[in-house]
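One letter stands for each residue in the lines below.
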Amino acid sequence: WSSDVCSSDLSFVLRKAVPKKMMLEVGSTASANIIPIVYAQRGCEVVGVDMRSFRAKTDNFTFILADARQLPFREECFDSVLCVSTLEHIGLLDDMTGDSKAVNEMIRVLKPNGQMVMTVPIGLPDCLPDTRIYPVDVAKKLFALRVHDEEYAMENDFCWYSTTAEKAVKANHRTGFRAVGMFNLWKEPNT
């Protein structure tokens, strides 16, 4: 698995993420990531965070070098949070609970009734050298927000196609049989 955003991730985010006034994009430096630029050009104020530099520049986009486990923002300041092909990498080298810490931080900075769009590798539970693989139920529990809708995709010969959760959960990433879960989540007013 690489940190690259797959075509299914991009399609899902661009179809589901509602342009909002203030958007946070966690993991901006994934290669081929056009998401923060697209929403900034749609007039949204987008803040991107990552632990690596992001050189892209455009109006309405600010990049901040930051750790998703300790976001440098006040509570409930973003209308939406996007985290695409990123969560599975957080804390792998130094903090095995880094993914849950990052999710808690994203929820903390998300306004009530805010949207979070999240994509993660789905399949047989595993922890590869550079990524975690989540079973569907573990991913949903980790997100701790209401799932509005979800989609799944699998890869075959470098081509991604839609699939079901039942098929995606059987993916064995060690054998090259990869799947991704894409979740459109909403923060309830009392979360």
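Over its twelve residues, helix α3 (residues 98-109) extends 17 Å from the first C-alpha to the last, a length consistent with the 16 Å expected when each residue adds 1.5 Å. Those residues of α3 that fall on the buried side of the exposure criterion are Gly98, Asp99, Ala102, Val103, Glu105, Met106, Ile107 and Val109. For α3, the secondary structure elements touched by its buried residues are β1 (22-26), β4 (78-84), β5 (110-121), β7 (131-133) and α4 (136-143).

Moving on to the packing of aromatic side chains. Applying the stated criterion across every chain, the model contains five aromatic pairs. Relative to Phe63, the ring of Phe54 lies with its centre 6.0 Å away and its plane at 45 degrees, an arrangement referred to as tilted. Assessed through its relative accessible area of 14%, Phe54 is described here as buried. Taking the relative accessible area as the measure of exposure, Phe63 reaches 23% and is therefore partly exposed. The rings of Phe54, Phe61 and Phe63 are connected pair by pair, giving a single aromatic cluster. The residue whose ring lies beneath Arg42 is Tyr39, and the NZ or CZ to ring-centre distance is 4.9 Å.

Further remarks concern the nonpolar core. Inside soluble globular proteins, nonpolar side chains tend to come together where they are buried. Membership of the largest hydrophobic core comes to 38 residues, with the highest contact counts inside it found for Leu24, Leu87, Met106 and Met118. Looking at which element gives the most residues to this core, the answer is α3, with five residues. Setting aside residues up to four positions removed in sequence, Leu24 forms contacts with Val47, Val49, Leu71, Phe73, Phe78, Ser80, Val81, Leu82 and Val109. Core analysis: the second largest hydrophobic core is formed by 21 residues, Ala40, Val84, Trp160 and Val180 among them.

With that settled, consider unusual backbone geometry. At Ser85, a position not held by glycine, the phi torsion is positive, near 50 degrees. Accessibility expressed as a relative area gives 2% for Ser85, which makes it buried. Phi is positive for Ala144, which is not a glycine, with a value near 55 degrees. Position of Ala144 among the secondary structure elements: in the loop between α4 and β8 (146-156). A relative accessible area of 48% means that Ala144 is categorised as partly exposed.

Here we take up the pattern of salt bridges. Close approach of charged atoms allows side chains with opposite charge to pair. Enumeration according to the criterion identifies 15 salt bridges in this entry. Residues Arg174 and Asp126 are paired through a salt bridge, measuring 2.6 Å at the closest nitrogen-oxygen approach. You can see Arg174 sitting in the loop between α5 (165-168) and β10 (179-186) and its partner Asp126 sitting in strand β6 (residues 126-128), a full 48 residues away along the chain. By relative accessible area, Arg174 is classed as exposed at 56%. Ionic pairing is found between Arg146 and Glu188, a salt bridge with its closest N-O pair at 2.5 Å. Of this pair, Arg146 sits in strand β8 while Glu188 sits in the segment after β10, placing them 42 residues apart in sequence.

Reading the values: rules and limits
- Residues numbered from 1 in each chain as written.
- Predicted model: local features only at pLDDT ≥ 70, side-chain atom pairs only at ≥ 80, totals over all residues.
- Heavy atoms only, no water.
- Helix = DSSP H or I, 4+ residues; strand = E, 2+ residues; numbered from the N terminus.
- Expected span 1.5 Å × (residues − 1).
- Buried < 20%, exposed > 50% of the residue type's maximum accessible area, 1.4 Å probe, protein only.
- Contact = heavy atoms within 4.5 Å.
- Phe/Tyr/Trp six-rings, centres within 6.5 Å; stacked < 30°, edge-to-face > 60°.
- Lys NZ or Arg CZ within 6 Å of the ring centre and 35° of its normal.
- Core = buried A, V, L, I, M, F, W, Y, C linked by side-chain atoms within 4.5 Å.
- Salt bridge = Lys/Arg side-chain N within 4 Å of Asp/Glu carboxyl O.

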